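This is what each chain is made of:
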Amino acid sequence: GCGTGRDVVELVLRGAAEGIGLEIQTTAHETARKLAERYDVSDRCRFQTASTVPADLVISIDAFEHFDDPAAILNLMAGCLKPNGIAWISFGPTWYHPYGGHLFSVFPWSHLIFTKWAQIEWRKKYRSDGATRFRETAGGLNQISIRRFKKFVLQSPFAIETFETLPIRGIKLFNNPLTREFLSSCVRCRLRLR
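Residues numbered from 1 in each chain as written. Predicted model: local features only at pLDDT ≥ 70, side-chain atom pairs only at ≥ 80, totals over all residues. Heavy atoms only, no water.

Caption draft 1: Structural context of helix α1 (residues 6–13). Taken residue by residue, α1 has Val8, Val9 and Val12 as its buried positions. Viewed end-on, α1 has its buried residues packed into an arc of 95°, placing them on one side of the element. Residues of α1 that are buried in the fold lie against β1 (19–22), α2 (27–38) and β2 (45–48). Of the residues flanking the end of α1, it is Gly15, one or two places downstream, whose phi is positive at about 120°. (Buried < 20%, exposed > 50% of the residue type's maximum accessible area, 1.4 Å probe, protein only. Helix = DSSP H or I, 4+ residues; strand = E, 2+ residues; numbered from the N terminus. Arc of directions from axis to C-beta. Contact = heavy atoms within 4.5 Å.)

Caption draft 2: Structural context of the nonpolar core. Of all hydrophobic cores here, the largest spans 24 residues; its most connected members are Phe64, Leu74, Ile89, Phe149, Phe158 and Leu191. Of all the secondary structure elements, the ones that give two or more residues to this core are α3 (70–79), β4 (81–91), α6 (146–154), β5 (158–167) and β6 (184–193). If sequence neighbours within four positions are ignored, Leu74 has contacts with Phe64, Ile89, Phe152, Val153, Ser156, Phe158 and Leu191. One finds Cys2, Leu35, Ala36 and Cys45 within the second-largest nonpolar core, a separate group that totals 10 residues. (Core = buried A, V, L, I, M, F, W, Y, C linked by side-chain atoms within 4.5 Å.)

Caption draft 3: View of the sheet that holds strand β3 (residues 55–61). An order of β3-β4-β6-β5 is seen for the 4 strands of this open sheet, with the pairing classed as mixed. Every other strand in the sheet has two partners, leaving β3 and β5 as the edge strands with one partner each. If you compare each strand with its neighbour and ignore which way they point, the axes differ by 10° on average. Contacts from α6 reach β4, β5 and β6, with the element oriented near 170° to β5. (Pairing = 2+ DSSP bridges. Axes fitted to C-alpha atoms, helices over the stretch in contact; angles between N-to-C directions.)

Caption draft 4: Structural view of the pairing of β1. Only one face of β1 is buried: it carries Gly19 and Gly21, and the other face, with Ile20 and Leu22, is open. Inspection of the sheet shows β1 paired to β2 by 4 bridges, in the parallel sense. For Ile20, the partnering residue across the bridge sits in β2 and is Arg46. Between the parallel elements β1 and β2, the chain passes through α2 in a crossover that is right-handed. (Right-handed = clockwise from strand over helix to strand, strands pointing away.)

Next comes the structure, spelled out in structure tokens:
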């Protein structure tokens, strides 16, 4: 999900030979192309819904909590890479974060206190997209936890090179293996094809 292409353009400006931004929302492609033109890198940036060009590196920022099928996305990423390719993934907040429910988190952890149905009904007062499940909301929300993401990675074609969870700012002292799911702001990892 490269969105409007800002990160792709930035990578090319910083020396990447080529950047291919994948985004399923095709309405963002034109905005991304214009951004690449503005920075005079349109000859090295492409924006599309899929790619068959093997890459050295796949980067995913702030998207894994939105993918409907995170395990399938890891396999898709693996298929986009050259042998020994690397994936850099960073995302959050995860589901057990105080605001892991995104728009459903009216106050810290409210998305864990109220039923999914109560939250959907509350959301209907502010959004009229017809969503009846978290996954159906604009952008989707898959309720992924740190543990579940790590399980998907271990079952994928990737080996973990680095895996870290960053504590919520200001409460680092309380973040430990027992509280990690509830007190981490994001996940960052570097994965290599096996």
